[in-house]
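Letter by letter, the chains look like this.
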Amino acid sequence: MKRWSHRKPRRRAWCCSFAIPPASPELTSISKSPHRAQPFPKRSVSVPNSPQSAKSGFPIVGRIDPRRILSPGRVSPIDSDPTPSVSQLRSPSFRAPSPPTVADAAALDVKLKLRGKNGGSMVMEVDSEVLEANSEVFAGLIADCKRGGGGATMEVENLGVFSDTIELMFEDDDCITKKLINVGVFRSIDILEVSAGIMFTKGVRCCLKYLEAVPWTEEEEEKLRSLFTRFEFDDATTRDILGRLYLHDSVDSRPNVAQQLVRSITTSEDANARSEMKSLVKGLLCKSSVYEKSHLELSKEDLFTVCESCLSSLISLFEEASDSMRTERVITKDTSKPLIERISRQVDNINWLLEIMVDGQVAEDFVDVWAGQEKLLKMHDVTSPMIRYELSRVSALLFVAMGTRKLQCPLEARSGLLQAWFGPMLLDFGWLQRCKKGLDMKALEEAMGQTLLTLPLKQQYVLFMEWFRHFSRHGTECPNMGKAFQIWWRRSFLRGSEAVESR
């Protein structure tokens with residue numbers, strides 16, 4: 001039959017004291033032994049602890065939570081109800097219940113009196129030899145007490161984690177590992193922190209071995225990263241864990257991961273995989289990403305290198321489409337796929353790279369590059385409308401970026417882009433409406449008008465008149481820029497005439 005030791009709270013400091021245990025465990029508690037030693041003068045001891053965590057697999061000890069007798073150690077609540085219920089006596093615990101024997105009771109010569117920072121306190125009756133053998137901190141504390149140096153008040157952040165760590169001192173390595181598996185990674189990190197604080201070498205070793213062998217969630221990873229900034233561990237397993245947390249190579253020896261990822265995506269032939277990977281990599285590289293980009297930096301030069309490769313492939317495909325090359329030169333390993341699909345894939349790649357450039361605010365130079373594509377402009381005139389409209393998808397993305405103020409570039413660049421691609425856009429608008437491929441046509445119409453309004457009035461006149469003639473012939477097959485046209489008219493004639501009259 002288990003015996004419980006209960007004591008009402010007293011207004012005094014807690015201490016680490018030693019007593020001669022009773023001859024039989026049938027006595028109420030060691031504290032009631034007539035041979036109990038008088039407590040030493042008290043002194044404060046600071047013991048590193050793990051912060052309290054809600055993700056616990058162990059019982060958290062509160063001020064009124066009853067504790068069962070442990071073997072070979074015992075735990076007694078300081079502030080517990082003197083008449084605990086049966087359900088309280090059977091509360092879950094870290095150690096499997098085992099009835100104490102006379103030999104066990106005789107070995108319990110130390111009372112660890114603990115107080116939680118957030119309230120609650122407990123007394124753990126344990127074997128001093130076990131504490132001395134497993135913890136350098138407790139070995140020094142107990143030696144001071146035995147020499148008459150006085151008792152110690154021990155304040156910990158989490159009573160449950162601290163007592164669980166002490167109990168692991170009574171187990172072998174295999175049993176400790178099993179218990180860590182049962183409580184999970186989050187709690188094991190707490191135990192690792194306490195073990196490191198009290199220099200419990202066996203506990204540290206078992207925790208590190210377990211943590212190295214299992215996956216972590218992001219929250220657990222951050223918790224572990226924080227722990228390694230506060231403690232240093234000298235162990236091969238520690239190096240393996242640090243290898244999962246940090247990239248130790250020098251900056252010069254690191255491969256350009258981002259460039260490799262981008263190249264792999266632009267050369268992928270699987271449409272579904274390419275779409276998934278584009279979304280993933282763009283999320284990692286975008287300006288608003290929550291991830292650190294120190295190892296995923298993609299320079300402007302890297303982007304333009306890949307983009308030029310895509311443009312070169314696009315020109316080759318349009319030369320094939322316009323029959324401007326000899327038959328033997330157009331045979332490629334990719335001819336098993338339809339020409340339209342291959343062209344669309346390259347345009348998708350260019351637009352995806354352009355979106356990354358716009359987000360990183362490095363797309364200004366691409367405006368000049370696209371405006372200078374004389375070969376593509378010539379082939380646009382002789383290529384089937386069902387193919388050539390793909391080129392206007394690139395122009396559309398640039399117009400939208402400029403019209404929505406996401407892309408700022410000099411007047412020469414804007415003027416060159418509109419002079420080169422405004423006419424083809426008017427011709428391809430009908431096909432863009434039928435094959436939108438994610439393009440917002442209303443946003444495109446608005447952006448085209450806004451972009452035209454950034455030019456000098458004389459250039460606006462030429463382009464707006466071209467639009468007006470085309471719109472009058474093709475109607476809905478042409479973008480509706482009536483709102484921007486009205487603004488241009490008002491600026492050019494009404495306000496201009498008012499200014500002249502005022503003079």
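Please read all numbers here as calculations on a predicted model, not as lab measurements.

Re the packing of aromatic side chains
A complete count under the given rule lists 18 aromatic pairs for this structure. Aromatic pair Phe366 and Trp370: ring centres 6.4 Å apart, planes at 15 degrees, arrangement stacked. Highlighted residues: Phe366 and Trp370, both in helix H15 (residues 364-371), separated by four residues, approximately one helical turn. For the pair shown, Phe366 and Trp370 are each scored as buried. Where Trp488 meets Trp489, the ring centres are 6.2 Å apart and the plane angle is 70 degrees; that geometry is what we call edge-to-face. Note on Trp488: relative accessible area 2%, which makes it buried. The exposure class of Trp489 is partly exposed, given its relative accessible area of 43%. An aromatic cluster of three or more residues is present, and its members are Tyr461, Phe464, Trp467, Phe468, Phe471, Phe485, Trp488, Trp489 and Phe493. For the cation-ring pair, Arg434 lies above Trp431, with the distance from its terminal atom to the ring centre recorded as 4.9 Å.

Points about a nonpolar patch on the surface
There is a patch of nonpolar side chains on the surface, built from Trp489, Phe493 and Leu494 and spanning about 300 Å² of accessible area. Residue position: Trp489 is located in helix H21 (residues 482-502).

Describing the environment of Ile350
Within the secondary structure layout, Ile350 lies in helix H14 (residues 339-359). Judged by its relative accessible area of 0%, Ile350 is buried. For Ile350 and Val306, which are 44 residues apart along the polypeptide, the C-alpha to C-alpha distance reads 8.9 Å. Beyond its immediate chain neighbours, meaning those up to four positions away, Ile350 contacts Cys307, Cys310, Leu311, Leu314, Phe366 and Val394.

What about unusual backbone geometry?
Here the phi dihedral of Gln361 falls at roughly 60 degrees; this positive angle occurs in a residue that is not glycine. Assignment of secondary structure puts Gln361 in the loop between H14 and H15. Among the residues examined, Gln361 registers a relative accessible area of 52% and is labelled exposed. Phi is positive for Lys437, which is not a glycine, with a value near 50 degrees. Taking the relative accessible area as the measure of exposure, Lys437 reaches 45% and is therefore partly exposed.

Points about the confidence of the model for the protein chain
Averaged over every residue, the pLDDT of the protein chain is 76; residues scoring 70 or more account for 69%. Across residues 1-48, where pLDDT falls below 50, the model places 123 contacts with residues more than four positions away in sequence or in other chains. Low pLDDT (under 50) marks residues 499-503, which in the prediction has zero contacts with non-local residues, meaning those over four places away or in another chain.

Conventions adopted
- Residues numbered from 1 in each chain as written.
- Predicted model: local features only at pLDDT ≥ 70, side-chain atom pairs only at ≥ 80, totals over all residues.
- Heavy atoms only, no water.
- Phe/Tyr/Trp six-rings, centres within 6.5 Å; stacked < 30°, edge-to-face > 60°.
- Helix = DSSP H or I, 4+ residues; strand = E, 2+ residues; numbered from the N terminus.
- Buried < 20%, exposed > 50% of the residue type's maximum accessible area, 1.4 Å probe, protein only.
- Lys NZ or Arg CZ within 6 Å of the ring centre and 35° of its normal.
- Patch = residues over 30% accessible without salt bridge, like charges linked within 9 Å, V, L, I, M, F, W, Y side chains within 5 Å.
- Areas by Shrake-Rupley, 256 points an atom, 1.4 Å probe, with all protein chains shown as cover.
- Salt bridge = Lys/Arg side-chain N within 4 Å of Asp/Glu carboxyl O.
- Contact = heavy atoms within 4.5 Å.
- pLDDT = per-residue confidence, 0-100.

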